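# Coordinate analysis (summary)
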Amino acid sequence: MKQFKTIAYCIYTFIVLFLLLCLQASYAVNKRYLDSVYVAYLHAVSDSEKMQCLYSLSYEYGFSNPKIGIQYGQQCLALAKLKKSKFHALNAYNGLGNAYETLSDYDSARYYHMQSLQLARALHDERKIATTLINIAITYKEQGLYEQALAYQLEALRNFESKEQYNPRIHFFIGQLYIALNNISEAERHSRTGIRKCKELGYYDAIHSLNLNLAICLTKQNKIDSAILLLQHSLQELKGKTDVRITSQCLHALGEAWLAKKNSEEALVCFQNELALQEQLSNKEGVCSTHLIIATTMLQQPNPDKQTALQHIALAQKSLSQLLHNKDALRDVYFKMASLYESLGHPNEALNFYKLYFGLKDSLLNLNSVAQLNELQTRYETVKKQSQIELQKTKLEAQTNSIKHKNVQLILLISVLLLTIITALFSYSRYRTRQQFKFMLEVERQEKLREFALIEKEQQERERISKDIHDELGAGLSKIALLTAYAQQKNDNQILSEQISTISTISTELRSNITDLVWALNPNNNTLENLVARMHEYAGSFLEDLNLTYSLHFPDDIPAIAITREIQRNIFLTFKEAVSNAAKHAKATTITITASYNSPQFMISITDDGIGFEHKKIKISNNGLRNMQERMNIIGGEFELHTSSSGTKVLLTIPIQ
Amino acid sequence: MKYTTVAIVEDQKEIREMQEALVKEADSLCFLQSFENAEEALVALPELQPDVVLVDIHLPKMTGIELVFNLKSVCSNTKFIMCTSLEDTETIFSALKAGANGYISKTAPLNKLIEAIDELRHGGAPMSSQIARKVVESFQVNQTANTHFESLSKREQEILKFLSKGYRYKEIAAKLELSLETVRTHVRNIYEKLQVNSRTDALNKVQLR
């Protein structure tokens, strides 16, 4: 027997450990997307990319960890203000508003949504104006200020109507608010309009929520059978869909409809299904009210299971904290709890909740409630005495039993202790590693930030220089190149023409060199992949205009390894020189260029069928050759030249890691 | 045969006059009018409705990019060619997003300018590897942020990939077994989608609860 128990405890321990691991794993998956956005942020080059990333971070964290979401939102806002970008500031405000909403700080959320609204109006972005109006309405609704919420929703609706746009959720929101304000005929009208519009425009998924509103209206108007039919139809269609929220709401409405028909059996099934979904959504508020309604429904049954009902009430109590911001809802819950406890025969608990309820409802208790309280107080006293007697009885019993059960208790105690120690050790080690990881991340982040500040400075300088080169030198050289080319075309004076031709060639070359320089200064171009693309493009455009056959073999899978500007420049210039030698001086008819990368060697070969370097007419010059050789030496590469009277092959090999 | 009518917006006198002369000499082209700045062009061009406008990017007050952006909706049949002194990717890319149909370097050989105009009339537009890369990026960024979005077809993505790796139109045509014309048409469609998306811009993803 004892052995059996020990084994059972072991199994229990394993199950607990396994569950802990599962929890850890699911946590990791949720983090992955955010991490990737964060990495994107660290690598973002332009400010708008940064702001986009910051906004995504702020928006996504807004739901899971709103405090971090707020930090990112503030960063994004600061950057947007610095860059005077209304568009990004609007995004930032939206992110902040959402984060504060998750924190249930609806006043702050509304403040930011209002800022959003102002910017959206300044930008004349009708769609954003409308969605922001809806966001503001939501904050009012969450605080129980239904009239204000309704005003904003109606404004959003007018906005959509005037621009002939439509949002399938708007009629649902308005319907909900009218129901909350007990204006059933308006709610019904909006639900029906919404259903018609959604059918017209093909928003079939949105129809269910409108059906839900309509069904609630029908229930309130005592047309219960049609309400039940409508909801059952919607639930049938929702089966297998991922939108759990709407399914749970439909279940709730269906349960209420059954209750109105006095069919507590069916209602209970609906509410229990709803509870499972609410827990899946981890919607504390929903869980709380569903527990309460289950308890209420149970008590309406002929032979109520009081124990289970009590359990449901206790569970509802646990979720209460989420309701603190909405006084109206809280008051209702307190009242429901009190009456439930009362009917279950727990006057002391009931008294407590009545006190809370009246405290909220009105600080001045009216006579009626005082009487109610007094009565409860007396009942509470009697129950207290009774329970004290009960307690003593059980104590006595326990003492007699305790001797018998000592052995069992010992095993139990040891196992529990063991379990606690293992769990504690396990979670401590996890805590330590996570703490260390966090610290490392933070250090890394700080370093990165510092690094980025430096890089940014350098980048700005680089951008300034290339802009200067571009504006001053480039424009002037372009003009010279163009004018001389034109003059050359128009001129018949032989000598002058030759000189103009020289000027034209020189200025064109100069300009092309400056283009190369500006290209190299662009920080986006610092990978091997981009260099190869540029070489490919250059070779293509250069050879296309000449009267010869050529074939280019550039692989598509060159990796995006970062390379220094020095390597980039030396490879490109050497390549240019080699191609130009082959095309212009060697009198070739066919040119073949092949590039390849086998880590760590990058190889390029330029082969032609020309007359070779030994030919007397060619004087390219030792100068050119020496230049290529030197360029390769500087970056640790090799320069090979095979030349004969039937062709030349230049092979460049550069180690790149 | 119908002539291609051409207008010029260029602030440097020498270049403007030379471009005028080139256009006048070309058999297939007909010179309409030239402008020193964008402001004058903005008033006159909607009346003229030329087939092609050569626009300098760097103009004194309003830039060539703004000019194209403002004219695009009122001159729907006009093609805009941006003239640049250096191939500065960022600037060219913004011009393309604003609605430019092509670009040419001011120092390209003289016959290239006329060729570019002719080519553009028949639907072609150049795209360098750097521009292609920017286009790819822009579509990726928009795709995540925007639901009302013109996305690229498989073919278009394929062509962009080759362009960003430095392939020429001819090479791509051979590689994908398409005609040169088809490749050009695809590139033109990519440009159009880019412009449509830049205009509607990334909508805010507002979650409705």
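Residues numbered from 1 in each chain as written. Chains lettered and ligands numbered in written order. Predicted model: local features only at pLDDT ≥ 70, side-chain atom pairs only at ≥ 80, totals over all residues. Heavy atoms only, no water.

## Observations regarding the overall build of chain A
The condition is simple: Each helix corresponds to a stretch of at least 4 residues labelled H or I by DSSP, and each strand to a stretch of at least 2 residues labelled E; elements are numbered beginning at the N terminus. Exposure is judged per residue with a 1.4 Å probe applied to protein chains only, and the accessible area is read against the type maximum: over 50% gives exposed, under 20% gives buried, and values in between give partly exposed. Any pair of residues with heavy atoms lying within 4.5 Å of one another is described as a contacting pair.
Helix and strand counts for chain A stand at 23 helices and 5 strands. Residue burial in chain A is summarised as follows: out of 657 residues, 41% are buried. Counting only contacts in chain A whose residues sit at least 6 apart along the sequence, the fraction spanning at least 24 positions is 60%.

## Describing the interface of chain A and chain B
To be explicit about the condition: The term buried area refers to how much accessible surface (probe radius 1.4 Å) is lost by two components on association, counted for both of them together. Each salt bridge in this description consists of a side-chain nitrogen of Lys or Arg and a carboxyl oxygen of Asp or Glu lying within 4 Å of one another. Polar contacts here mean pairs of N or O atoms no more than 3.5 Å apart (in protein, one a potential hydrogen donor and the other a potential acceptor; neighbouring residues in sequence count only if both atoms are side-chain atoms).
Each side of the interface is counted separately: chain A has 53 residues, and chain B has 42 residues. Together chain A and chain B conceal approximately 4500 Å² of surface at their shared face, both sides included; 52% is due to carbon and sulfur atoms. On the surface where chain A and chain B come into contact, there are 3 salt bridges. We note a salt bridge from Arg168(B) to Glu544(A), for which the minimum N-O separation is 2.9 Å. The interface formed by chain A and chain B includes 10 residue pairs in polar contact (both at pLDDT 80 or more).

## Structural notes on the pattern of salt bridges
This structure, assessed with the given rule, holds 15 salt bridges over all chains. Here Glu442(A) makes a salt bridge to Arg445(A), at a shortest N to O gap of 3.8 Å. Of the two residues, Glu442(A) and Arg445(A) both sit in helix α19 (residues 406–490), 3 residues apart, roughly one turn of that helix. The exposure class assigned to Arg445(A) is partly exposed, which follows from its relative accessible area of 24%. The partner of Arg184(B) in a salt bridge is Glu181(B), with the nearest N and O atoms 3.3 Å apart.

## Here we look at a nonpolar patch on the surface
Residues and elements named next belong to chain A. Put simply, the test is: For patch detection, residues must exceed 30% relative accessible area and be free of salt bridges, and they are connected within 9 Å for like charges or within 5 Å for nonpolar side chains (Val, Leu, Ile, Met, Phe, Trp, Tyr). Here the open area of atoms and residues is found with the Shrake-Rupley method and a 1.4 Å probe, where only the protein chains shown may cover a residue.
Residues Leu 410, Ile 414, Leu 418 and Ile 422 make up a contiguous nonpolar surface patch of roughly 360 Å² in combined accessible area. The residue Ile 414 is located in helix α19 in this model. Accessibility expressed as a relative area gives 47% for Ile 414, which makes it partly exposed.

## Details of the packing of helix α4 (residues 86–102) of chain A against helix α5 (residues 106–122) of chain A
Each pair of packed helices can be described by the angle between their axes along with the distance between the axes. All names here are of chain A. Our working rule: Axis definition: a line fit to C-alpha positions, over the contact stretch in the case of helices; interaxial angles, taken between N-to-C directions, run 0 to 180 degrees. Here the word oblique covers every angle except those under 35 degrees (roughly parallel), over 145 (roughly antiparallel) and from 65 to 115 (roughly perpendicular). Definitions for this section: a left-handed crossing has its near helix turned counterclockwise from the far helix by less than a right angle. A right-handed crossing has that turn clockwise.
Here α4 crosses α5 at 160 degrees, and the two axes come no closer than 8 Å. Taken together, the axes of α4 and α5 lie roughly antiparallel to each other. Where α4 crosses over α5, the two elements pack in a sense that is left-handed. Across from Lys 86, Ala 89, Leu 90, Tyr 93, Asn 94, Leu 96, Gly 97, Asn 98, Tyr 100 and Glu 101 in α4, the residues of α5 making contact are Tyr 106, Ser 108, Ala 109, Tyr 112, His 113, Gln 115, Ser 116, Leu 119, Ala 120 and Ala 122.

## Quick look at the packing of helix α13 (residues 264–280) of chain A against helix α14 (residues 284–299) of chain A
All names here are of chain A. Applied cut-off: When residues are grouped by polarity, Ala, Val, Leu, Ile, Met, Phe, Trp, Tyr, Cys and Pro land in nonpolar, Asp, Glu, Lys and Arg in charged, and all others, Gly among them, in polar.
Between α13 and α14, whose axes approach to 9 Å, the crossing angle comes to 160 degrees. Regarding the angle of α13 to α14, the classification is roughly antiparallel. As α13 runs across α14, the sense of the crossing is left-handed. Here Ser 264, Ala 267, Leu 268, Phe 271, Gln 272, Glu 274, Leu 275, Gln 278 and Glu 279 of α13 come into contact with α14, specifically with Gly 286, Val 287, Thr 290, His 291, Ile 293, Ile 294, Thr 297 and Met 298. Of the residues contributing to the contact of α13 with α14, the split by class is 8 nonpolar, 7 polar and 2 charged.

## Comments concerning the side chain of Glu171(B)
Heads up, the rule is: Counting rule for charge: Lys and Arg are taken as positive, Asp and Glu as negative, and neither His nor the chain ends is counted.
Relative to the helices and strands, Glu171(B) resides in helix α8 (residues 169–176). We note that Glu171(B) is buried and unpaired, the nearest opposite charge coming from Arg168(B) at a distance of 5.8 Å. Discounting chain neighbours no more than four positions away, the residues touching Glu171(B) are His536(A), Leu552(A) and Gly166(B).

## Here we look at empty space enclosed by the protein
Residue and element names in this part refer to chain B. What counts, and what does not: Residues are said to line a cavity or pocket when one of their atoms sits within 4 Å of a point; the points come from a 1 Å grid over protein atoms alone, cavities being sets where a 1.4 Å probe fits but cannot get out and pockets being open sets with protein on both sides within 12 Å along at least five of seven lines. Grid points are joined across faces, edges and corners, and a volume is the space filled by probe spheres set on the points.
Counting across every chain of the model gives 5 cavities of 30 Å³ or more. Estimates place the volume of the second largest cavity at around 90 Å³. Only α1 (13–25), β5 (102–105) and α5 (110–121) provide two or more residues apiece to the lining of the second largest cavity. The greatest single-element share of the lining of the second largest cavity, amounting to 3 residues, is contributed by α1. For the lining of the second largest cavity, the per-class residue count stands at 9 nonpolar, 2 polar and 1 charged.

## A word on the sheet that holds strand β2 (residues 590–598) of chain A
All names here are of chain A. Keep this limit in mind: Note on pairing: DSSP must find at least two bridges between two strands before they are called paired.
Pairing within the open sheet is mixed, and its 5 strands lie in the order β1-β2-β3-β5-β4. The sheet is open, and its two edges are formed by β1 (549–553) and β4 (638–644), each paired on a single side. Adjacent strand axes in the sheet meet at a mean angle of 10 degrees when their direction is disregarded. With 5 bridges connecting them, β1 and β2 associate as parallel partners. Counted as the bridge partner of Leu 552 is Ile 593 from β2. Together, β2, β3 (601–608) and β5 (647–655) form the strand contacts of helix α22 (residues 565–585), whose direction differs from that of β3 by roughly 15 degrees.

## Points about the side chain of Gln278(A)
Relative to the assigned elements, Gln278(A) resides in helix α13. In this structure, Gln278(A) is in contact with Ser248(A), Asn283(A), Gly286(A), Val287(A) and Thr290(A), ignoring residues within four places of it in sequence.

## Focus: unusual backbone geometry
Residues and elements named next belong to chain A. A cis geometry characterises the amide bond from Ser 599 onward to Pro 600, with omega recorded as 0 degrees. Looking at where Pro 600 falls in the secondary structure, it is placed in the loop between β2 and β3. One non-glycine residue, Asn 182, adopts positive backbone phi at about 65 degrees. As for its placement among the helices and strands, Asn 182 is situated in the loop between α8 (170–180) and α9 (184–201). Phi is positive for Asn 222, close to 70 degrees, though the residue is something other than glycine. On the secondary structure map, Asn 222 appears in the loop between α10 (204–220) and α11 (224–238).

## Some remarks on the pairing of strand β4 (residues 79–84) of chain B
Look at any regular strand and the pattern is simple: side chains alternate between the two faces of the sheet. Residue and element names in this part refer to chain B. Here is the rule we go by: Handedness of a crossover is defined as follows: orient the strands so they point away from the viewer, and if the path from the first strand over the helix to the second runs clockwise, the crossover is right-handed.
Counting buried positions along β4 yields 5 of 6 residues, so the element is predominantly enclosed. Bridge analysis of strand β3 (residues 52–56) against β4 gives 5 bridges, and the strand direction is parallel. Each residue of the ladder has a partner; that of Val 52, found in β4, is Lys 79. Handedness of the crossover joining β3 and β4 through helix α3 (residues 64–71) is recorded here as right-handed. Sheet analysis places β4 next to β5, joined by 4 bridges and oriented parallel. Bridging from a neighbouring strand, Met 82 pairs with Tyr 103 of β5.

## Quick word on the pairing of β3(A)
Residue and element names in this part refer to chain A. Looking at chain direction, β2 and β3 are connected through 8 bridges and run antiparallel. What sits directly across from Thr 594, in β3, is Ser 605. What sits between β2 and β3 in their antiparallel hairpin is a turn of 2 residues. Bridging between β3 and β5 involves 8 bridges; their strand directions are antiparallel. Bridge pairing in β5 places Gln 601 opposite Pro 655.

So far we have only geometry, and geometry alone does not tell us how the molecule works.
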